[in-house]
Amino acid sequence: MSKSLKRVTAALHAAGMPPTITEVGAARTAQEAADAVGCHLDQIAKSIIFRGETAGTAILFLTAGGNQVCAAKATALAGEPLGKADAALIRAQTGFAIGGVAPIGHLSPIRAFLDPRLLSFDQVWAAAGTPRHVFAINPTDLHRLTAAHTADFVL
């Protein structure tokens, strides 16, 4: 088991939730991940990372699989200009590689925002620290564990 997957598993255990980790193989898109676990596209919680240009830190936007982040809305919520987060920033702050960024188990605290669409499901799936693994979680628990602000930031 990779270090990243172990961190996600440990974070779930620490929260009192037995992890439900599923290997999805080469799922490169939210639709491929949804197909692999047999859920609706919007039940995939995508972790989108931007760089806050003022603070230089990563900011996490958790969005439903079929939604896209609106840069203008996200910038307004963050209260600072947002730019593209490069692989080095993402790895340094979260400990994860692009394509496997989990919403929990980060190396450093991260500001997070949650797409309210995710809260309309009983269960959602998120990256488990690798591009090949996802975990199932109740979206209310995801909201609590990430301390994310629920807000409209999608197109």
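Residues numbered from 1 in each chain as written. Predicted model: local features only at pLDDT ≥ 70, side-chain atom pairs only at ≥ 80, totals over all residues. Heavy atoms only, no water.

Student: Help me understand the pairing of strand E6 (residues 124-127), please; the structure alone is not making it clear to me.
Tutor: Within a regular strand, side chains alternate between the sheet's two faces. Taken together, the two bridges between strand E2 (residues 44-52) and E6 define a ladder with parallel strand orientation. Pairing of isoleucine 44 across the sheet is with tryptophan 125, part of E6. In this sheet, strand E7 (residues 133-137) lies alongside E6 in antiparallel orientation, the contact comprising four bridges. Bridged to tryptophan 125 within E7 is alanine 136. Between E6 and E7, which follow one another and run antiparallel, lie five residues, and glycine 129 among them has a positive phi close to 105°. (Pairing = 2+ DSSP bridges. Helix = DSSP H or I, 4+ residues; strand = E, 2+ residues; numbered from the N terminus.)

Student: Honestly, the pattern of salt bridges in this entry has me stumped. Any pointers?
Tutor: A side chain of one charge can pair with a side chain of the opposite charge when the charged atoms of the two come close. This structure, assessed with the given rule, holds five salt bridges. Between lysine 73 and aspartate 152 there is a salt bridge, and its shortest N-O distance comes to 3.2 Å. Of this pair, lysine 73 sits in helix H3 (residues 71-78) while aspartate 152 is found in the segment after strand E8 (149-150), placing the two residues 79 residues apart along the sequence. Between arginine 144 and aspartate 141 there is a salt bridge; the shortest N-O distance is 3.3 Å. (Salt bridge = Lys/Arg side-chain N within 4 Å of Asp/Glu carboxyl O.)

Student: Sorry if this is basic, but what is going on with the packing of aromatic side chains here?
Tutor: One pass over the structure, following the stated rule, counts three aromatic pairs. Summarising the aromatic geometry, the rings of phenylalanine 50 and phenylalanine 61 are spaced 5.6 Å apart at their centres and angled 85° between planes, so their arrangement reads as edge-to-face. Linking phenylalanine 50 in strand E2 with phenylalanine 61 in strand E3 (residues 58-64), this pair joins segments that are eleven residues apart in sequence. Residue class for phenylalanine 50 comes out buried when judged on its relative accessible area of 17%. (Phe/Tyr/Trp six-rings, centres within 6.5 Å; stacked < 30°, edge-to-face > 60°. Buried < 20%, exposed > 50% of the residue type's maximum accessible area, 1.4 Å probe, protein only.)

Student: I keep staring at the environment of valine 24 and nothing clicks. Help me out?
Tutor: Structurally, the position occupied by valine 24 is in the loop between strand E1 (21-23) and helix H2 (30-37). By relative accessible area, valine 24 is classed as buried at 14%. Excluding its chain neighbours within four sequence positions, the residues that come into contact with valine 24 are Ala36, Val37, Pro131, Arg132, His133 and Val134. (Contact = heavy atoms within 4.5 Å.)

Student: Any chance you could explain the nonpolar core here in plain terms?
Tutor: The nonpolar side chains of a soluble globular protein tend to be buried with one another. In this structure, Val8, Leu12, Ile49, Leu118, Phe135, Ile137 and Leu142 are the most contacted members of the largest nonpolar core, which totals 29 residues. Listing elements by their share of this core, those giving two or more residues are helix H1 (3-14), E2, E3, helix H4 (87-94), strand E5 (111-114), E6 and E7. The dominant element in this core, judged by the number of residues it contributes, is E3, at four residues. Excluding residues within four positions of it along the chain, isoleucine 137 makes contact with Leu12, Met17, Gln123, Val124, Leu142 and Leu145. Val24, Ala27, Ala34 and Val134 belong to the second largest nonpolar core, which has eleven residues in total. (Core = buried A, V, L, I, M, F, W, Y, C linked by side-chain atoms within 4.5 Å.)

Student: When you look at the environment of lysine 3 in this model, what are you seeing that I'm missing?
Tutor: Here lysine 3 lies in helix H1. Judged by relative accessible area, lysine 3 falls into the exposed class, the value being 71%. In the structure, lysine 3 is positioned ten residues away from histidine 13 in sequence and 15 Å away in space, judged by C-alpha atoms.

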